[in-house]
Amino acid sequence: RKFATIPVQGLAVSNRFGLTFVAHPYGFTVAKTEKLVQLATELKDSHEETCIAENNSLIDVPLTDIRILALSKHELTIAACAGNQIFLYAVPSLVHKGETVPFKTGPSVEKTGFIKYFVWSPAEDDTFIILSSGGELIIGHVGNSYKIISEEVVAVDWGPDGKHV
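Not measured: the values here are computed from a predicted model.

1. Brief notes about unusual backbone geometry
Despite not being glycine, D65 has its phi angle at roughly 60°, a positive value. Relative to the elements of secondary structure, D65 occurs in the loop between β4 (59–62) and β5 (66–71). Residue classification places D65 among the partly exposed positions, given a relative accessible area of 43%. With a phi angle near 60°, E152 is a residue other than glycine that sits in the positive phi range. When you line up the elements, E152 lands in the segment after β12 (146–150).

See below:
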């Protein structure tokens, strides 16, 4: 099966844990980066068509329509943006316990829109911003509520200090 919509950010790499997160049409998979590099090297001269990540995953998380995968600054949380919602997963629980249920979901952006952009704060481990396709700018904190801070926004990013949007 092919993607209904190609992810805008379908790959995340955790240097801390040596893991690679790859979106696919049915969700995302988590694999050891070292193993993927080794397999890619072996397949380089081969003419086989195979999905290296899915065939060598530690865990596969079912979730359709993923547009964005984003690791938090401390690499303990991965956000999967699918459709108009965010799903937050604890990386250690995914890998060591096989827990494929998110520990937190939300917020839902407007009913007909989708999450256009998601980025974690470079300064605070559990803070992020979301830009919806309809122009809503939302700030969120893991474990707390979310707040629309502006509307009719076209583009956004954090300032270098991570304290200003």
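2. Regarding the sheet that holds strand β7 (residues 85–90)
Spatial strand order, β5-β6-β7-β8: four strands in an open sheet with antiparallel pairing. Looking at the sheet topology across the chains shown, the edges are occupied by β5 and β8 (104–105).

3. Observations regarding the sheet that holds β4
If you trace the four strands from one edge of the open sheet to the other, you get β1-β2-β3-β4, paired in antiparallel fashion. If you trace the sheet from one side to the other, it starts and ends with β1 (11–14) and β4, each paired once. Across the sheet, the axes of successive neighbouring strands diverge by a mean angle of 15°, strand direction being ignored. Taken together, the four bridges between strand β3 (residues 27–32) and β4 define a ladder with antiparallel strand orientation. Bridging from a neighbouring strand, G27 pairs with P62 of β4.

4. Some points on the nonpolar core
Counting residues in hydrophobic clusters, the biggest one holds 19 residues, and the most contacted among them are F21, F28, L69, I78, Y89 and L94. Contributing elements (two or more residues each) for this core: β2 (19–24), β3, β4, β5, β6 (77–82), β7 and α3 (91–97). Apart from residues no more than four positions distant in its own chain, F28 is found in contact with F21, V22, A23, I59, D60, V61, I66, L69, I78, A80, Y89 and L94.

5. Description of the environment of A23
Structurally, A23 is set in strand β2. With 12 residues separating them along the chain, A23 and L11 place their C-alpha atoms 6.4 Å apart.

6. Considering the packing of aromatic side chains
For any pair of aromatic rings, the description rests on two quantities: the centre-to-centre distance and the angle between the ring planes. The final tally for this structure, using the stated rule, is five aromatic pairs. Between F118 and W120, the ring centres sit 5.4 Å apart and the planes meet at 80°, which makes this aromatic pair edge-to-face. Since its relative accessible area comes to 2%, F118 is described here as buried. An aromatic cluster is built from F118, W120, F128 and Y146, whose rings are joined through pairwise contacts.

About the cut-offs
- Residues numbered from 1 in each chain as written.
- Predicted model: local features only at pLDDT ≥ 70, side-chain atom pairs only at ≥ 80, totals over all residues.
- Heavy atoms only, no water.
- Helix = DSSP H or I, 4+ residues; strand = E, 2+ residues; numbered from the N terminus.
- Buried < 20%, exposed > 50% of the residue type's maximum accessible area, 1.4 Å probe, protein only.
- Pairing = 2+ DSSP bridges.
- Axes fitted to C-alpha atoms, helices over the stretch in contact; angles between N-to-C directions.
- Core = buried A, V, L, I, M, F, W, Y, C linked by side-chain atoms within 4.5 Å.
- Contact = heavy atoms within 4.5 Å.
- Phe/Tyr/Trp six-rings, centres within 6.5 Å; stacked < 30°, edge-to-face > 60°.

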